[in-house]
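# Coordinate analysis (summary)
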Amino acid sequence: MKKRILSCVMAVFVYFSLMPFTVTESTENKTDNKISSQTKKPQVTDTQNNDSSVIDSSSELNIPEFSDSLKDKFSSFFKTGTCISASGIDTSAEFILKHFNSITPENELKPDYILNQQASELYGNNVNTQVVFNNNTRKILKFCEDNNIPLRGHTFVWHSQTPDWFFKENFRYDGADVTPDIMNQRLENFIKNTFELLAKDYPNLKIYAYDVCNELYENNGGGFRKPGSNNLEMGKSYWTKIYPDDSFVINAFTYARKYAPPECKLFLNDFNEYVPAKTKDIYDMAMKLKDLGLIDGIGMQSHLDTGYPDISTYKTALEKFMSSGLDVQITELDITCSDFSLQAKAFKDIFTLAAGNSENISSLTVWGTHDTVSWRNYANPLLFGENYSEKEAYKEVMSIKNTDLK
Ligand code: 9MR
């Protein structure tokens, strides 16, 4: 009992101490270098190493009780994904192939990885944003292509991991801020050049989803992030510094719709998405984009803690997003904890909820293969532990039965 109370207190502490930055605001610069509402389940597109004896995709949704692969267990419900880094391929390839059938590059498609300052400046017309993939990005893309694993692209418009020169005259750090008109052209070229390079160098890569905009809103809702440079003041957005309104969001989706491969579904992705004011911000923008025919889904990052939110708070947000008629994807699930049994229950609750609503949920991604490589490794937030050990959370998730759904 004492342990439980202590664990709850810890959880609340961890949550509140994380709140302002939980979620990512890093100044780190790494330049070194269902899919649309009309397409519904059952999902039968698991192309990678799927053991067809596990699930008969033509039958009704069914969870195999005995399975030792996460992706096989849930393959008639949704894609089961992980984020990976390039080095994860060296250490974990076999493990990734066994458990996951969707991959998100953890950092390697972010603006600070693929926007190239020198080439953009040298191009000389102030608007043709140049995109270059470094070896790490290439390694992940090739791994996905070679192994026929569909990719979730992440991300174009983000306040974080985006260099300030992208918003300045001549693509130079010492330039003045550009106008919205110039920025529109840069944004279009950024998105166009990215999709063109992907198609040219990885013609067999299946890109099934892309986070067009990420973390647009204040951590607890209340509108867009405040204008500024995240590289100077954590949490601020250069996008809202350049644009007086939401046109950068509408335009980003317009360009993504124009240049993304037709099967690639376009997402608005955010964290703390279960905080009611933020749920509303995300929902309202998604509906605006939906009315314009520009969006396919809402991404719930789902960086959770065993102390917050509880499953009913999370479910309320999920239901609101599902009521949009758009696809929903759980895009970055991890659950920090100081009690592995509570964590196991929380993971089971989320997987059960997702499987029970798989009509509207096409993909569930955990944010990392195992605790050791997690961005929150201090609180062991994943399904697998050191040396890929199967944690209680993994076992609970694998024990979900058809009768648990609903
Ligand atoms: O997991 C990513 C970590 O390696 C990076 O240091 C961090 C820096 O911004 O970004 C992490 O990924 C974030 C994701 O892109 C967006 N949502 C929050 C994730 C965790 O911070």
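## Let's talk about the environment of Tyr202
- As for its placement among the helices and strands, Tyr202 is situated in the loop between helix H7 (180-201) and strand S4 (207-214).
- For Tyr202, a relative accessible area of 5% corresponds to the buried category.
- Considering only alpha carbons, one finds Tyr202 and Glu145, 57 residues apart in sequence, at a separation of 6.8 Å.
- Apart from residues lying up to four places away in sequence, Tyr202 is in contact with Phe133, Arg138, Leu141, Lys142, Glu145 and Leu197.

## A closer look at unusual backbone geometry
- With an omega dihedral of 15°, the bond running from His154 to Thr155 counts as a cis peptide bond.
- Position of Thr155 relative to the elements: it lies in strand S3 (residues 151-158).
- Cis geometry is adopted by the peptide bond preceding Pro309, which originates at Tyr308 and carries an omega value of -5°.
- Within the secondary structure, Pro309 sits in the loop between strand S7 (303-305) and helix H11 (311-322).
- Positive phi is not limited to glycine here, since Asn126 has a value of about 70°.
- Inspection of the secondary structure puts Asn126 in the loop between helix H5 (117-123) and helix H6 (135-146).
- Its identity as a non-glycine residue notwithstanding, Asn148 has a phi of 60°, on the positive side.
- Mapped onto the elements, Asn148 comes out in the loop between H6 and S3.
- Residue Asn148 is classed as partly exposed on the basis of its relative accessible area of 38%.

## Some details on the packing of aromatic side chains
- Tallied over the entire structure, the rule returns 25 aromatic pairs.
- Here Phe195 and Tyr210 contribute two aromatic rings whose centre-to-centre distance is 5.1 Å and whose plane-to-plane angle is 70°, an arrangement assigned as edge-to-face. One end of the pair, Phe195, is in helix H7; the other, Tyr210, is in strand S4, with 15 residues separating them in the sequence.
- The buried category is assigned to Tyr210, whose relative accessible area is 0%.
- A cation sits over an aromatic face here: Lys278 above Phe271, 3.8 Å from the ring centre.

## Digging into the pairing of strand S9 (residues 361-366)
- The buried count for S9 comes to six of six residues, which makes it a mostly enclosed element.
- In this sheet, S9 lies alongside strand S8 (residues 327-336) in parallel orientation, the contact comprising four bridges. Residue pairing for S9: Val328 is matched across the bridge by Ile361.
- Between the parallel elements S8 and S9, the chain passes through helix H12 (residues 340-356) in a crossover that is right-handed.

## What about the pattern of salt bridges?
- The full count for this structure, using the stated rule, is 22 salt bridges.
- For Lys71, the salt bridge identified is with Asp72, shortest N-O distance 3.0 Å. The two residues Lys71 and Asp72 agree in class, both being buried.
- The shortest N-O distance in the salt bridge between Glu233 and Lys236 comes to 3.2 Å.
- According to the relative accessible area criterion, Glu233 is partly exposed, its value standing at 43%.
- Here the residues in one salt-bridge network are Glu121, Arg172 and Asp174, joined through shared partners.

## Comments concerning the side chain of Glu108
- Tracing the backbone through its elements, the reader meets Glu108 in the loop between strand S2 (102-105) and helix H4 (111-114).
- The side chain of Glu108 is buried and forms no salt bridge, while Lys110, the nearest opposite charge, is found at 7.4 Å.
- When near neighbours in sequence (up to four residues on either side) are disregarded, Glu108 contacts Ile84, Ser85, Ala86, Tyr113, Ile114, Asn136, Thr137 and Ile140.

## Some details on the packing of helix H3 (residues 86-99) against H6
- Between H3 and H6, the shortest axis-to-axis distance is 10 Å and the interhelical angle comes to 15°. Relative to H6, the element H3 is oriented roughly parallel. Note on packing geometry: the crossing formed by H3 with H6 is right-handed. Contacts between H3 and H6 pair Ala86, Ile89, Asp90, Ala93, Ile96 and Leu97 from the former with Asn136, Lys139, Ile140 and Phe143 from the latter.

Definitions and limits used
- Residues numbered from 1 in each chain as written.
- Predicted model: local features only at pLDDT ≥ 70, side-chain atom pairs only at ≥ 80, totals over all residues.
- Heavy atoms only, no water.
- Helix = DSSP H or I, 4+ residues; strand = E, 2+ residues; numbered from the N terminus.
- Buried < 20%, exposed > 50% of the residue type's maximum accessible area, 1.4 Å probe, protein only.
- Contact = heavy atoms within 4.5 Å.
- Phe/Tyr/Trp six-rings, centres within 6.5 Å; stacked < 30°, edge-to-face > 60°.
- Lys NZ or Arg CZ within 6 Å of the ring centre and 35° of its normal.
- Pairing = 2+ DSSP bridges.
- Right-handed = clockwise from strand over helix to strand, strands pointing away.
- Salt bridge = Lys/Arg side-chain N within 4 Å of Asp/Glu carboxyl O.
- Lys, Arg positive; Asp, Glu negative; His and termini not counted.
- Axes fitted to C-alpha atoms, helices over the stretch in contact; angles between N-to-C directions.
- Parallel < 35°, antiparallel > 145°, perpendicular 65-115°, else oblique.
- Left-handed = near helix turned anticlockwise from the far one by under 90°.

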